[in-house]
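Here is how the chains run, residue by residue.
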Amino acid sequence: DAGVTQSPTHLIKTRGQQVTLRCSPISGHKSVSWYQQVLGQGPQFIFQYYEKEERGRGNFPDRFSARQFPNYSSELNVNALLLGDSALYLCASSRLGLAAANEQFFGPGTRLTVL
Amino acid sequence: DAKTTQPNSMESNEEEPVHLPCNHSTISGTDYIHWYRQLPSQGPEYVIHGLTSNVNNRMASLAIAEDRKSSTLILHRATLRDAAVYYCILRGYNTDKLIFGTGTRLQVFP
């Protein structure tokens, strides 16, 4: 089975622009989470979606938004990009979505550079 | 959110056992202890998790203190491919949210 896939792999934007990142979960997984990883730090939780509903939101400004589609794929949107948004954006999927014993599977990430 | 404390870095020689410690003194009764690792240029990868009892799987073993305020990830025979950043995470019940710290960077020498 294919793992979590993310597109694009790399992206370069300028300040003030908007970006959309995409994630396809493992087949059968209904939960998708998004993380931001700045160089040298651990990933930070942004959003979780389960069955197309937002189930969790991290400490990020309203410029960050996301949605989940009926096929459980997801998009992360970031508006009015800042230099500090440069990071690796990771998507993770899980089967159950709401269980602490649930393993999460991460994609390879999208590297966003804001100039 | 409950926090974990890990050493910044550790070193090991190939084929030796490695014990990666984690302190989590503020753990609640329903928190699971999860370990993930991140190899260079990759997303994090699940290693193991546990609640109260010690756990073993094909990748590693997890030893949990009786009071649950600390745990140790054990790699029985380190290989060069085990060089990664290892994250100890407390995960609350009924959520997929993972709170990553800075982790422990493990170096493995041949």
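Notes on the structure in this doc start here.

## Quick look at the pattern of salt bridges
Opposite charge on two side chains lets them pair, provided their charged atoms get close. All names here are of chain A. Scanning the model with the defined rule gives 9 salt bridges over all chains in all. For E51, the salt bridge identified is with K52, shortest N-O distance 3.8 Å. On the basis of relative accessible area, E51 is assigned to the partly exposed category, the value being 29%. Judged by relative accessible area, which is 36%, K52 ranks as partly exposed. Between R67 and E75 there is a salt bridge, with the nearest N and O atoms lying 3.3 Å from each other. Since its relative accessible area comes to 45%, R67 is described here as partly exposed. Bridged by salt links that share partners, the residues R22, R67 and E75 form one connected network.

## Things to note about the state of the cysteines
Counting across every chain of the model gives 2 disulfides over all chains. Disulfide partner of C23(A): C91(A), at an S-S distance of 1.8 Å. Measuring the twist about the S-S bond at about -65 degrees, one finds the C23(A)-C91(A) disulfide to be left-handed. Remark: C91(A) occurs in strand β9 (residues 87-94) and C23(A) occurs in strand β3 (residues 19-24); sequence separation between them is 68 residues. Take C23(A) and C91(A): they sit in the same class, and that class is buried. Here C22(B) engages in a disulfide with C88(B); their sulfurs sit 2.1 Å apart. Because the sign of the S-S torsion sets the handedness, a value of about -80 degrees for the bond joining C22(B) and C88(B) places this disulfide among the left-handed ones. Note that C22(B) is positioned in strand β2 (residues 18-23) and C88(B) in strand β8 (residues 84-91), a separation of 66 residues in sequence. Here the two residues C22(B) and C88(B) agree in accessibility, since each one is buried.

Conventions adopted
- Within any chain, residue numbers begin from 1 and follow the written order of that chain's sequence.
- Here every chain gets a letter starting at A, and every ligand a number starting at 1, in the order they are written.
- Local features in this predicted model are restricted to residues of pLDDT 70 or higher, and side-chain atom pairs are both shown and tallied only at a pLDDT of 80 or more, whereas totals for entire chains, interfaces and linings draw on every residue.
- Only hydrogens and water are set aside; all other atoms, that is, all heavy atoms of the structure, feed into the side-chain values.
- Salt-bridge detection follows one rule: a side-chain nitrogen of Lys or Arg within 4 Å of a carboxyl oxygen of Asp or Glu.
- Three labels apply to residues, based on accessible area from a 1.4 Å probe with only protein chains included: buried if under 20% of the type maximum, exposed if over 50%, partly exposed otherwise in between.
- Here, two cysteine sulfur atoms that lie within 2.5 Å of each other are counted as a disulfide.
- Under the DSSP-based scheme used, a helix requires at least four consecutive residues in state H or I and a strand at least two consecutive residues in state E, with every element numbered from the N terminus.

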